[in-house]
Amino acid sequence: MEITQDSIPLQTDSLQDDYLIDPGMSDIIAKLEEKGIAVYFSCEGHYEAGPNTMIALNFEYNEELITAFMDTEKFFVLVERSPFILDFLNISHKRCILIAMLSQDIYEYTEEEFEDIQKDYLDTITTVIDDFEGEIN
Amino acid sequence: MIIKTEKDGDRRIQKNAMEYIMSDFSVENLGEKLKRIVFRLYDKGFHTWEAAEANYEDDYPRLYIVLNDIFHLHYLVFELSDEFDIQITLQHDLKEDAVMIIERNFNKDKYTKEEFDKKQEELLEELDIWSSSILGKKELEP
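S.K.: Hey, could you go over the overall build of chain A for me, with residue numbers and the actual values?
M.R.: Helix and strand content of chain A: five helices and four strands. For chain A, the succession of helices and strands along the chain, N to C, is α-β-β-α-β-α-β-α-α. Evaluated residue by residue, chain A yields a buried proportion of 51% over its 137 residues. By sequence separation, contacts in chain A at least 24 residues apart represent 55% of the contacts at least 6 residues apart. For chain A, the computed accessible surface area is about 6400 Å², with 46% contributed by carbon and sulfur atoms.

S.K.: With reference to specific residues and values, describe the overall build of chain B.
M.R.: Along the backbone of chain B there are five helices and four strands. Taken from the N to the C terminus, the helices and strands of chain B come in the order α-α-β-β-α-β-β-α-α. In chain B, which comprises 142 residues, the proportion classed as buried is 51%. Considering only intrachain contacts with a sequence separation of at least 6, the fraction spanning at least 24 residues in chain B is 65%. Entry remark: accessible area of chain B is about 7400 Å², with carbon and sulfur atoms responsible for 51%.

S.K.: Summarise the pairing of strand β2 (residues 54–60) of chain A; cite the residues concerned and give the values.
M.R.: Residue and element names in this part refer to chain A. Burial of β2 is extensive: six of the seven residues sit out of reach of the surface. Of the pairings in the sheet, the one linking strand β1 (residues 39–43) to β2 comprises four bridges and is antiparallel in character. The residue of β2 that forms the bridge with V39 is F59. Sheet topology note: the β2/strand β4 (residues 95–101) ladder contains seven bridges and is antiparallel. Note on β4: the bridge partner recorded for E60 is R95.

S.K.: Outline the state of the cysteines, supporting the account with residue identities and numerical values.
M.R.: Inspection of the entire model under this criterion finds zero disulfides over all chains. C96 of chain A provides the cysteine sulfur closest to C43 of chain A, a residue in no disulfide bond, and the two sulfurs are 16 Å apart.

S.K.: Explain the pattern of salt bridges to me, using residue names and the numbers behind them.
M.R.: The full count for this structure, using the stated rule, is 19 salt bridges over all chains. In this structure, R81 of chain A engages D82 of chain B in a salt bridge whose closest nitrogen and oxygen atoms are separated by 3.4 Å. On the criterion of chain membership, the pair formed by R81 of chain A in the loop between β3 (76–80) and α3 (83–89) and D82 of chain B in the loop between α3 (70–73) and β3 (85–91) is interchain, its members lying in two chains. Residue class for D82 of chain B comes out partly exposed when judged on its relative accessible area of 28%. The partner of D117 of chain B in a salt bridge is K113 of chain B, and the shortest N-O contact between them spans 2.8 Å. Placement of the pair is D117 of chain B and K113 of chain B together in helix α4 (residues 113–133), with a separation of four residues, close to one helical turn. The class for K113 of chain B is partly exposed, based on a relative accessible area of 39%.

S.K.: Outline the packing of helix α2 (residues 32–43) of chain B against α4 of chain B, supporting the account with residue identities and numerical values.
M.R.: All names here are of chain B. It is the contact of α2 with α4, at a shortest axis distance of 9 Å, that shows an interaxial angle of 20°. The orientation of α2 with respect to α4, classified from their angle, is roughly parallel. Between α2 and α4 lies a crossing whose hand is left-handed. Each of K33, L34, R36, I37, R40 and L41 in α2 lies in contact with α4, whose residues at this interface are E121, L124, E125, L127, D128, W130, S131 and S132.

S.K.: Explain the nonpolar core residue by residue, including any values.
M.R.: Residues and elements named next belong to chain A. Ranked by size, the top nonpolar core spans 72 residues in total, and within it F59 and I125 carry the most contacts. Here this core gets six residues from one element, more than from any other, and that element is helix α5 (residues 111–131). Ignoring any residue separated from it by four or fewer positions in sequence, one finds I125 in contact with I28, I55, L57, F69, F75 and L98.

The rules we used
- Residues numbered from 1 in each chain as written.
- Chains lettered and ligands numbered in written order.
- Predicted model: local features only at pLDDT ≥ 70, side-chain atom pairs only at ≥ 80, totals over all residues.
- Heavy atoms only, no water.
- Helix = DSSP H or I, 4+ residues; strand = E, 2+ residues; numbered from the N terminus.
- Buried < 20%, exposed > 50% of the residue type's maximum accessible area, 1.4 Å probe, protein only.
- Contact = heavy atoms within 4.5 Å.
- Areas by Shrake-Rupley, 256 points an atom, 1.4 Å probe, with all protein chains shown as cover.
- Pairing = 2+ DSSP bridges.
- Disulfide = S-S within 2.5 Å.
- Salt bridge = Lys/Arg side-chain N within 4 Å of Asp/Glu carboxyl O.
- Axes fitted to C-alpha atoms, helices over the stretch in contact; angles between N-to-C directions.
- Parallel < 35°, antiparallel > 145°, perpendicular 65-115°, else oblique.
- Left-handed = near helix turned anticlockwise from the far one by under 90°.
- Core = buried A, V, L, I, M, F, W, Y, C linked by side-chain atoms within 4.5 Å.

Remember, this is a structural readout, not a statement about activity or role.
The structure is reproduced here in structure tokens:
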């Protein structure tokens, strides 16, 4: 089944104003959802987007999965779980945000280099998820 | 399509790894308990780039420890309770400049000064126990 932005099942509390699911991440999101991990927003990064473009994946808290992503040594990782941050963000679920900065302004990538690096990050994410056994609960 | 970051997204990556490494942090300015935690972590092979107790006088009080060598620590950090948030921050993809931040912010409007002090004491106690109980870096080497 082709997964589009509209067909990706989202948790109701993920539909905040500026939460978007990027269609380029749909395979990754489908794999995570299959393994019982909800995805709250994602972005694959866009060459034309300027200095702030990034790969971002915001997903349901799972220590095994987060450790596996940390183990790749490739990503900014934000683990949001304290009573303060849940209250601050006005959410009820613990979560993790994975970020890879792809700014061509900073790194001076050509579009081709950008795409190679982007693919490398996305492949890494896919490999980690493939190796993850899934939520046992 | 360009995704908008969350309203607070930039705030929490406010400082890059190199700025922590280059900071003029001195362990001597810490309270006794946090100082003990920093020294104990050091004895286990984990160097603290920066740390501070939360200060009730600040607008955004924040208790935090910034540690190097994240790629041993990530096996240990989930032994801490959900009271703490965790960040890994990379600097231009250089693994050696990566830092792990263990932090707890406070909404001071929700605490009296006395409650705040009590809460911070509990959190420091947890860090104290954690730093005592975790394996050292050498014990984690394959």
